[in-house]
Amino acid sequence: LQFIPSAFVAAVYPAMSALFATDKTKLKVVFIKTMNILALIAAPIALGSLLTASDIVTLAYGAEYIPSIRSFQLVVPSIFFVFLTFPIGALFNASNRQKITTGLMIGAVILNTILNLVLIPRFDFFGASIAWFATNIVWFGAGIVIAYRFLRLAPQDLALLARVVFSGLFMSAAILLARPYLSLAPLVLLAA
């Protein structure tokens, strides 16, 4: 699913680069809007996939993959954070701060490697899922803190992200209530 944020950010990257040189206030607006749009796409995918994981895994891979459902449920919510790291990376690259993006990526690789070395021997493929999830949260968290300072963001600038998460939780409640009565396709339509 990474092609979605990748394509979207590729479309706004030229504007970010131009605005860095000419109007940092508009750069801030483009960054916030990009974050919000990608959050609006990622939250329902992540939460919906989390709650329908058994149906998705069984449908896509068959009953023999049922043991992987728990791992899938941990990896899927990280989609939200993965989507939001794309505009953060684009912001740093467009503003001639590629070293920050590189540093974040190197840090993520190191963290992921360490977590995999520790967790895989103890938890097998579920350990790799934990490592992936934790790494994406740390990458996003560090990136948004740096972007927050760089753009001088105010809490209200990211308020829509909180509303997106709230609406995702509302969608999740609808899925949980309807799941015993609906198959996957009608459930996805209801959630949408």
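Everything here concerns the structure above.
All of the points below concern the structure found in this document. Here the structure is a predicted model, which means the values were calculated and not measured.

### Focus on the nonpolar core
Part 1: Ranked by internal contacts, the top residues of the largest apolar core, which has 34 residues, are Phe 31, Met 35, Phe 80, Leu 84, Ile 88 and Leu 91.
Part 2: Counting residues per element, the ones that place at least two in this core are α1 (3–22), α2 (24–51), α5 (78–94), α6 (98–123), α7 (125–151) and α8 (159–178).
Part 3: Here the element with the most residues in this core is α5; it accounts for 10 residues.
Part 4: When residues no more than four places from it in sequence are discounted, the contact partners of Phe 31 are Met 16, Pro 87, Ile 88, Leu 91, Ile 144, Ala 147, Leu 151 and Leu 153.
Part 5: Listed in part, the 6 residues of the second largest apolar core include Leu 51, Met 171, Ala 178 and Leu 187.

### Section: the pattern of salt bridges
Part 1: Taken as a whole, this structure holds 2 salt bridges when the rule is applied.
Part 2: A salt bridge links Lys 28 to Asp 157, with the shortest nitrogen-to-oxygen separation between them at 3.3 Å. Taken as a pair, Lys 28 in helix α2 and Asp 157 in the loop between α7 and α8 lie far apart in primary sequence, 129 residues in all.
Part 3: For Asp 157, a relative accessible area of 17% corresponds to the buried category.

The rules behind the values
- Every chain's residues receive numbers from 1 upward, in the order its sequence appears when written.
- Whole-chain, interface and lining totals are the exception, using all residues; otherwise, since this is a predicted model, local features are given only for residues with pLDDT of at least 70 and side-chain atom pairs are given and counted only at 80 or more.
- Where side-chain values are given, they derive from all heavy atoms of the structure, hydrogens and water being excluded.
- Note on terminology: a nonpolar core comprises buried Ala, Val, Leu, Ile, Met, Phe, Trp, Tyr and Cys residues joined through side-chain atoms within 4.5 Å.
- Exposed residues in this analysis have more than 50% of their type's maximum accessible area, buried residues have under 20%, and partly exposed residues fall in between, with area computed by a 1.4 Å probe over protein chains only.
- Note on conventions: DSSP H or I runs of at least 4 residues are helices, E runs of at least 2 residues are strands, and numbering of each starts at the N terminus.
- The contact rule is simple, with two residues in contact once any of their heavy atoms fall within 4.5 Å.
- A pairing counts as a salt bridge when a side-chain nitrogen of Lys or Arg comes within 4 Å of a carboxyl oxygen of Asp or Glu.

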